[in-house]
Amino acid sequence: MAPNPVAQTAFGPMVLAAVEHNEPPGRRLVDDDLAELFLPARLRWLVAATRWAPARRLMVRASEYTGPGLWANLACRKRFIADKLDEARDGIDAVVILGAGLDTRGYLLTRRVRIPVFEVDLPVNIARKAQTVRRVLGSLPLSVRLVALDFERDDLLTSLAEHGYRTDYRAFFICEGVTQYLTEGGVRRTLEGLRAAAPGSRLVFTYVRKDFIDGTNLYGARTLYRNVRERRRLWRFGLQPEDVAEFIAEYGWRLVEQAGPDELVRRYVEPAGRKLPASQLEWSAYAEKA
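The protein goes by S-adenosyl-L-methionine-dependent methyltransferase in an unreviewed UniProt entry, where it is assigned to Mycobacterium alsense. Under the heading Sequence similarities (unreviewed entry), UniProt records this for the protein: "Belongs to the UPF0677 family." In UniProt, the protein has this text filed under Function (unreviewed entry): "Exhibits S-adenosyl-L-methionine-dependent methyltransferase activity."

1. Looking at the overall build of the protein
Per the secondary structure count, the protein includes twelve helices and seven strands. The C-alpha radius of gyration computed for the protein amounts to 18 Å, which stays within 12% of the reference 19 Å derived for 290 residues, consistent with globular compactness. The principal-axis extents of the C-alpha atoms in the protein amount to approximately 50 × 45 × 45 Å. The proportion of buried residues among the 290 residues of the protein is 56%. Long-range contacts, defined as pairs at least 24 residues apart, comprise 74% of the intrachain contacts of the protein with a sequence gap of at least 6. By element, 53% of the accessible surface of the protein is carried by carbon and sulfur atoms, the whole surface being about 12900 Å². Taking the average place of the 44 positive charges on the side chains of the protein and the average place of its 37 negative ones, the gap between the two points comes to 6 Å.

2. Comments concerning the nonpolar core
Grouped together as the largest cluster of nonpolar side chains are 65 residues, with contacts concentrated most on Val95, Phe172, Phe212, Leu224, Trp235 and Leu281. Ranked by residue count, the leading element in this core is helix α4 (residues 70-88), at ten residues. In terms of nonpolar packing, the next biggest core, distinct from the first, is built from 34 residues, Val96, Leu98, Leu191 and Phe205 among them.

3. Here's the deal with the packing of aromatic side chains
In this structure the tally under the stated criterion is twelve aromatic pairs. Relative to Tyr169, the ring of Tyr165 lies with its centre 5.7 Å away and its plane at 65°, an arrangement referred to as edge-to-face. Overall, the relative accessible area of 11% leaves Tyr169 in the buried class. Ring geometry for Phe173 against Trp253: centres 6.1 Å apart, planes inclined by 90°, an arrangement best described as edge-to-face. Pair noted here: Phe173 is in strand β4 (residues 171-175) and Trp253 is in strand β6 (residues 253-259), with a separation of 80 residues, a long-range link. Residue Phe173 is classed as buried on the basis of its relative accessible area of 1%. Ring pairing ties together the aromatic residues Phe118, Tyr165, Tyr169, Phe173 and Trp253, which thus form one cluster. When the ring centre of Phe11 is taken as reference, the NZ or CZ atom of Arg42 above it lies at 5.6 Å.

4. Topic: unusual backbone geometry
Positive phi, normally seen in glycine, also occurs at Tyr219, with a value near 50°. Relative to the elements of secondary structure, Tyr219 occurs in the loop between α9 (210-213) and α10 (222-231).

5. Structural notes on the pairing of strand β2 (residues 117-121)
The side chains of a regular strand alternate between both faces of the sheet. For β2, the tally of buried residues reaches five of five residues, placing the bulk of the element in the interior. Burial of β2 is two-sided: the residues Val117, Glu119 and Asp121 facing one way and the residues Phe118 and Val120 facing the other way are all buried. Bridge analysis of strand β1 (residues 94-98) against β2 gives four bridges, and the strand direction is parallel. Residue Val96 lies in a different strand from β2, and its bridge partner there is Phe118. Bridge analysis of β2 against strand β3 (residues 144-148) gives five bridges, and the strand direction is parallel. Across the sheet, the residue bridging to Val120 is Val147, located in β3. Between β2 and its parallel partner β3, the chain crosses via helix α6 (residues 123-137), and the hand of that crossover is right-handed.

6. Brief notes about the sheet that holds strand β7 (residues 282-289)
By definition, the strands of a sheet pair up through backbone hydrogen bonds, in either a parallel or an antiparallel sense. Spatial ordering of the open sheet is given by β3-β2-β1-β4-β5-β7-β6, a layout of seven strands whose pairing is mixed. Among the strands making up the open sheet, the edge pair consists of β3 and β6. On average, adjacent strands in this sheet sit at an angle of 20° to one another, irrespective of strand direction. Across seven bridges, strand β5 (residues 202-208) lies against β7 in antiparallel orientation. Across the sheet, residue Thr206 finds its bridge partner in β7, namely Ser284.

7. As for the pattern of salt bridges
Considering all chains together, one arrives at 31 salt bridges under this definition. Of the charged contacts in the structure, one is a salt bridge between Lys84 and Glu257, with a shortest N-O distance of 2.6 Å. You can see Lys84 sitting in helix α4 and its partner Glu257 sitting in strand β6, a full 173 residues away along the chain. Just as Lys84 is buried, Glu257 falls in that class too. Between Glu250 and Arg188 there is a salt bridge, with the nearest N and O atoms lying 3.2 Å from each other. On the criterion of sequence distance, the pair formed by Glu250 in the loop between α11 (244-249) and β6 and Arg188 in helix α8 (residues 184-193) is long-range, its members being 62 residues apart. Classification of Glu250 by relative accessible area gives partly exposed; the value is 42%. With relative accessibility at 24%, the residue Arg188 sits in the partly exposed group. Salt bridges sharing common partners tie together Glu20, Glu23, Arg27, Arg56, Arg57 and Arg274.

What counts as what
- Residues numbered from 1 in each chain as written.
- Predicted model: local features only at pLDDT ≥ 70, side-chain atom pairs only at ≥ 80, totals over all residues.
- Heavy atoms only, no water.
- UniProt positions renumbered as here; feature names shortened; annotations may be inferred.
- Helix = DSSP H or I, 4+ residues; strand = E, 2+ residues; numbered from the N terminus.
- Rg over C-alpha atoms; globule rule 2.2 N^0.38 Å.
- Buried < 20%, exposed > 50% of the residue type's maximum accessible area, 1.4 Å probe, protein only.
- Contact = heavy atoms within 4.5 Å.
- Areas by Shrake-Rupley, 256 points an atom, 1.4 Å probe, with all protein chains shown as cover.
- Lys, Arg positive; Asp, Glu negative; His and termini not counted.
- Charge placed at Lys NZ, Arg CZ, Asp CG, Glu CD.
- Core = buried A, V, L, I, M, F, W, Y, C linked by side-chain atoms within 4.5 Å.
- Phe/Tyr/Trp six-rings, centres within 6.5 Å; stacked < 30°, edge-to-face > 60°.
- Lys NZ or Arg CZ within 6 Å of the ring centre and 35° of its normal.
- Pairing = 2+ DSSP bridges.
- Right-handed = clockwise from strand over helix to strand, strands pointing away.
- Axes fitted to C-alpha atoms, helices over the stretch in contact; angles between N-to-C directions.
- Salt bridge = Lys/Arg side-chain N within 4 Å of Asp/Glu carboxyl O.

Laid out in structure tokens, this is it:
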């Protein structure tokens, strides 16, 4: 069977997280000591080379060729999500990670608190995750449940319920780097599945700007556009910042905060003493269930 091109994108964000962890603590944008371990052997070798500072700088500069500013975007969105989860932790009953890929967040969380964590993704990614967790940790933590589904076709709420999710949970939903890979119908289907979330639930998600998806503004990322829109059409959905509140309100969510790239740079990059540009094409948003 040919590799699923969307499933293959699970590696990139974890390589970034692992490389960022090799930065000195004061300069680190992502603090994740499991990221490198969760990668396959060939990528662990690559990340190990970046313990040498010049190799790290070279990797960051190389990433700018494909998508100028995306290194900062991906690192800062992870930090933004981590901050929001920390702020909400005492008021939630479960965490649901949509499009979990190789994300380590649920396993880092189990070190501090025991609440149910549901990791949702394509069947191929869930199978890979199960194998990876067994290799790194020996077994799946009792608090983590792996949920395989197709966001475009399967019912999210039903799939979660089959793995122990309850609609009275005040859940923290994370949808990082996922929406652009879905059709508008897939995004709406996912939000419809979250309509029954209990009041007090939270949702943090990222999105690509619609004007990049339709090609009217490439934000200096011509190579990225060719890769994800013209050659393989991997990215299919986008939003404009001014439309987000109305879009999610249809499904019972109230927009609390949007963090654009300029704000994320001020919040995370500058205090770390780093000089990293951020792309305007990706934003992060945080919402609450009314």
